[in-house]
Amino acid sequence: MLVNLHVKNFAIIDEIDVDFGKHLNILTGETGAGKSILVGSLSMALGARVSPEMIGKNGDYAMVEVVFQIENEETLEQLRNMDIEPDQGQLVISRKITQNRSINKINGESVSAGMIKKAAALCLDIHGQHEHQSLLKKDRHREIVDEYGGKDLAEKKAEVIRLFEEYHALRQQISQDSISPEERARQIDFLRYETQEIEEAALSPEEMESIEEHYRRVSHAGTIVEVLNGVHHLSSEEAATAVSHALRRLNEITEFDRTVEGFAGELLQIESLLSDFNRAVSEFMADFSFDGKERMELEKRLDCIHSLQAKYGSTYEDIMAHRSAAEEKLKQYENYENDCRERQEKLAERTEELEKACKELTALRKKSAEELGQKISEALSDLNFAHVDFEIRITQRESVGREGKDEVEFLIATNPGEPRRSLGEIASGGELSRIMLAIKSVFADSDAIETLIFDEIDTGISGRTAQKVSEKLSLLGKRHQVICITHLAQIAAMADYHFVIEKIVEKEKSTTKIRPLSREEMEKELARILGGVEITPAVEQNAREMKEMADSLKQYSL
């Protein structure tokens with residue numbers, strides 16, 4: 001359950017810290033006191049996107065932290081599967097919002113906002129006007145029926161989704177691969193030409209690496225010979241003569257200075273190196289040969305390689321990959337008729353399997369809808385729908401969809417003799433909120449979510465209906481922690497823990513505060529709700545009696 005809520009610098013909330021209790025927690029306050037802001041802060045903590053404009057005036061960030069004490073073993077296991085390990089069952093979620101980013105943490109470790117949303121969804125469920133309005137969408141009706149259907153329905157639904165995706169993929173493939181005989185013949189000719197062209201070229205990676213260099217050598221053979229001849233002449237005649245002459249002159253003075261012997265030795269090495277160099281140049285020139293025919297053949301080969309590179313890729317690997325792809329495509333075109341027949345056979349098989357699974361899913365949905373419809377009808381009667389006639393109708397679409405062929409719709413008649421019609425045609429905001437409450441009460445026994453928050457559950461209701469809603473909320477509080485924001489005394493009287501939300505003006509500045517009420521303060525708050533501007537002794541007595549009656553109706557003890 002939600003143990004603690006801490007909010008700092010969020011909108012007009014400077015800082016609040018609330019400890020919630022078990023069963024039914026009620027929040028009341030004057031219009032404009034900040035009840036919606038409190039719900040907004042909770043939504044922020046649970047991963048909702050929040051505008052930086054919601055940062056208050058007392059700093060450059062807003063921060064919300066919620067603490068859950070998890071008791072449900074299924075929830076704990078699901079959290080562990082997300083690599084979240086509650087500390088002795090405690091889960092702490094915090095979000096800090098700045099002008100350009102958010103800092104999200106679970107039990108002190110940084111996580112994504114998506115991870116927070118996923119983890120929080122296991123612990124808390126917020127029901128507001130938006131969710132009431134979701135009952136006007138038929139897809140939501142199917143989701144509710146499927147959820148009530150349990151494991152068997154979920155498994156069959158997963159099977160239908162899998163089969164539909166295979167069926168849809170096959171249809172797309174058949175559509176995309178459809179080609180006329182004329183076009184197929186053109187493609188076959190073209191692909192054969194490509195593969196044959198690459199095959200006849202007989203490329204090798206070694207050739208593609210070396211042929212450019214070989215061509216440059218042959219193309220400039222004349223220049224190479226001319227330069228080497230000149231170099232050989234200079235090094236073998238002029239340079240060699242100069243070195244020999246220098247060596248003779250050094251030998252003339254070695255007897256006068258021993259240091260000169262070192263110079264002579266170095267010059268001998270130069271003479272030897274020069275001799276080796278001249279020999280190597282002579283050998284290279286003796287082996288070097290070229291002719292115009294070789295150059296023409298190289299040019300032709302290079303033109304072939306460059307043409308292949310322009311068409312199929314710059315490297316040997318690219319060209320070979322194109323060849324493999326072309327061969328594979330050619331094989332597909334050549335086997336087109338057989339492949340089409342096999343795909344059509346597979347499509348027929350998947351269609352038959354999908355139709356069968358859809359029929360089985362429909363049967364499970366009808367069973368779930370019948371049981372759920374009966375229970376919702378009973379719950380609606382408890383919520384002061386005196387002549388309610390509720391039905392979950394399942395009809396079939398002509399075409400199959402991802403979740404089968406079923407159209408699921410909630411129909412209701414609230415007056416005797418009226419035909420059942422869709423919720424959008426006859427249900428008011430207050431009736432929608434009661435229908436959602438009825439649905440939640442039906443799911444209460446099996447719902448693993450420990451904390452339910454109801455905002456605007458009392459929209460459009462009063463009197464005996466409000467009393468019935470309060471009793472249903474109290475019943476829900478027997479199995480869950482319920483937090484309800486209300487402006488009705490009948491609902492507030494059922495509170496096990498009552499908090500008042502107040503807007504306080506200090507130094508020309510408004511801020512929202514929240515505080516728990518004692519038993520005496522609960523009765524005063526009920527009197528304020530009942531009495532309006534003037535609270536008379538009769539109103540105070542009425543408030544006390546309302547609280548005493550609520551206590552007597554509760555079916556559990558704190």
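One can find the structure itself at the top, above this paragraph.
The rules behind these values
- Residues numbered from 1 in each chain as written.
- Predicted model: local features only at pLDDT ≥ 70, side-chain atom pairs only at ≥ 80, totals over all residues.
- Heavy atoms only, no water.
- Pairing = 2+ DSSP bridges.
- Helix = DSSP H or I, 4+ residues; strand = E, 2+ residues; numbered from the N terminus.
- Contact = heavy atoms within 4.5 Å.
- Axes fitted to C-alpha atoms, helices over the stretch in contact; angles between N-to-C directions.
- Core = buried A, V, L, I, M, F, W, Y, C linked by side-chain atoms within 4.5 Å.
- Buried < 20%, exposed > 50% of the residue type's maximum accessible area, 1.4 Å probe, protein only.
- Phe/Tyr/Trp six-rings, centres within 6.5 Å; stacked < 30°, edge-to-face > 60°.
- Parallel < 35°, antiparallel > 145°, perpendicular 65-115°, else oblique.
- Left-handed = near helix turned anticlockwise from the far one by under 90°.
- Nonpolar A, V, L, I, M, F, W, Y, C, P; charged D, E, K, R; others polar.
- Expected span 1.5 Å × (residues − 1).
- Salt bridge = Lys/Arg side-chain N within 4 Å of Asp/Glu carboxyl O.

Thoughts on the sheet that holds strand 4 (residues 62-69)
Working step 1: Read from one edge of the open sheet, six strands run 2-1-4-5-6-7, paired in antiparallel fashion. Every other strand in the sheet has two partners, leaving strand 2 (13-19) and strand 7 (109-110) as the edge strands with one partner each.
Working step 2: In terms of strand pairing, strand 1 (residues 2-10) meets strand 2 through six bridges, oriented antiparallel. From the neighbouring strand, histidine 6 faces strand 2, where its bridge partner is aspartate 17.
Working step 3: The sheet contacts of helix 1 (residues 35-45) involve strand 1, strand 2, strand 4 and strand 5 (90-97), and relative to strand 1 the element is tilted by about 105 degrees.

Here we look at the nonpolar core
Working step 1: Core analysis: the largest hydrophobic core is formed by 55 residues, its most contacted members being Leu135, Leu372, Leu380, Phe410, Phe454 and Leu473.
Working step 2: Here this core gets eight residues from one element, more than from any other, and that element is helix 15 (residues 429-443).
Working step 3: Residue contacts for phenylalanine 454: discarding those within four places in its chain leaves His127, Leu437, Lys440, Leu473, Leu476, Val482, Ile483, Cys484 and Ile485.
Working step 4: Counting residues in hydrophobic clusters, the runner-up holds 44 residues, among them Ile16, Leu42, Phe68 and Ala119.

Let's talk about unusual backbone geometry
Excluding glycine, a negative phi dihedral is what most residues carry, and trans is how most peptide bonds are arranged.
Working step 1: Positive phi is not limited to glycine here, since asparagine 9 has a value of about 55 degrees.
Working step 2: Following the sequence through the fold, asparagine 9 ends up in strand 1.
Working step 3: If you check the backbone angles, alanine 11 has positive phi at about 55 degrees while not being a glycine.
Working step 4: Looking at where alanine 11 falls in the secondary structure, it is placed in the loop between strand 1 and strand 2.

Here we look at the packing of aromatic side chains
Working step 1: Applying the stated rule across the entire model yields four aromatic pairs.
Working step 2: Centroid distance phenylalanine 20 to phenylalanine 499: 5.4 Å. Interplanar angle 65 degrees. Geometry classified as edge-to-face. Of the two residues, phenylalanine 20 sits in the loop between strand 2 and strand 3 (24-29) while phenylalanine 499 sits in strand 14 (residues 497-506), which places them 479 residues apart along the sequence.
Working step 3: By relative accessible area, which is 4% here, phenylalanine 499 ends up buried.
Working step 4: Considering the side-chain rings of phenylalanine 390 and phenylalanine 410, the 5.5 Å spacing of their centres and the 65 degrees angle between planes classify their relative orientation as edge-to-face. Remark: phenylalanine 410 occurs in strand 10 (residues 404-413) and phenylalanine 390 occurs in strand 9 (residues 389-401); sequence separation between them is 20 residues.
Working step 5: Under the relative-accessibility criterion, phenylalanine 390 is labelled buried at 8%.

Digging into the packing of helix 18 (residues 519-531) against helix 19 (residues 537-553)
Two quantities define a packed helix pair, namely the angle between the axes and the distance from one axis to the other.
Working step 1: One way to put it is that helix 18 packs onto helix 19 with a least axis distance of 8 Å and a crossing angle of 120 degrees. Between helix 18 and helix 19, the crossing angle belongs to the class labelled oblique. As helix 18 runs across helix 19, the sense of the crossing is right-handed. Contact residues: helix 18 offers Arg519, Met522, Glu523, Leu526, Ala527, Leu530 and Gly531, while helix 19 offers Val539, Glu540, Asn542, Ala543, Arg544, Met546, Lys547, Glu548 and Asp551.
Working step 2: For the contact of helix 18 with helix 19, the residue count by class is seven nonpolar, two polar and seven charged.

A closer look at the sheet that holds strand 9
Working step 1: The strand order across the open sheet formed by three strands is 9-10-11, and the pairing between neighbours is antiparallel. Where the open sheet ends on each side, the last strands, each with one partner, are strand 9 and strand 11 (421-422).
Working step 2: With nine bridges joining them, strand 9 and strand 10 adopt antiparallel strand pairing. For arginine 393, the partnering residue across the bridge sits in strand 10 and is glutamate 409.
Working step 3: Running at roughly 100 degrees to strand 10, helix 5 (residues 138-148) makes contact with strand 9 and strand 10 of the sheet.
Working step 4: On the sheet, helix 13 (residues 336-382) packs against strand 9 and strand 10 and is oriented at approximately 165 degrees with respect to strand 9.

Describing helix 7 (residues 181-201)
Working step 1: The terminal C-alpha atoms of helix 7, which comprises 21 residues, lie 30 Å apart, in line with the 30 Å expected from a rise of 1.5 Å per residue.
Working step 2: Looking one or two places after helix 7, you find alanine 202, whose phi comes out positive at around 50 degrees.

Remarks on the packing of helix 6 (residues 150-177) against helix 13
Working step 1: Where helix 6 meets helix 13, the axes come as close as 8 Å, and the angle between the chain directions of the two elements is 155 degrees. When the axis of helix 6 is compared with that of helix 13, the two are roughly antiparallel. When you trace helix 6 past helix 13, the crossing you get is left-handed.

A closer look at the pattern of salt bridges
Working step 1: Per the counting criterion, the structure on display carries 37 salt bridges.
Working step 2: A salt bridge links glutamate 166 to arginine 162; its shortest N-O distance comes to 3.3 Å. Of this pair, glutamate 166 and arginine 162 both sit in helix 6, four residues apart, which is roughly one turn of the helix.
Working step 3: With a relative accessible area of 28%, glutamate 166 lands in the partly exposed category.
Working step 4: On the basis of relative accessibility, which here comes to 42%, the residue arginine 162 falls in the partly exposed class.
Working step 5: Arginine 515 is paired through a salt bridge with glutamate 521; the nearest N and O atoms lie 3.4 Å apart.

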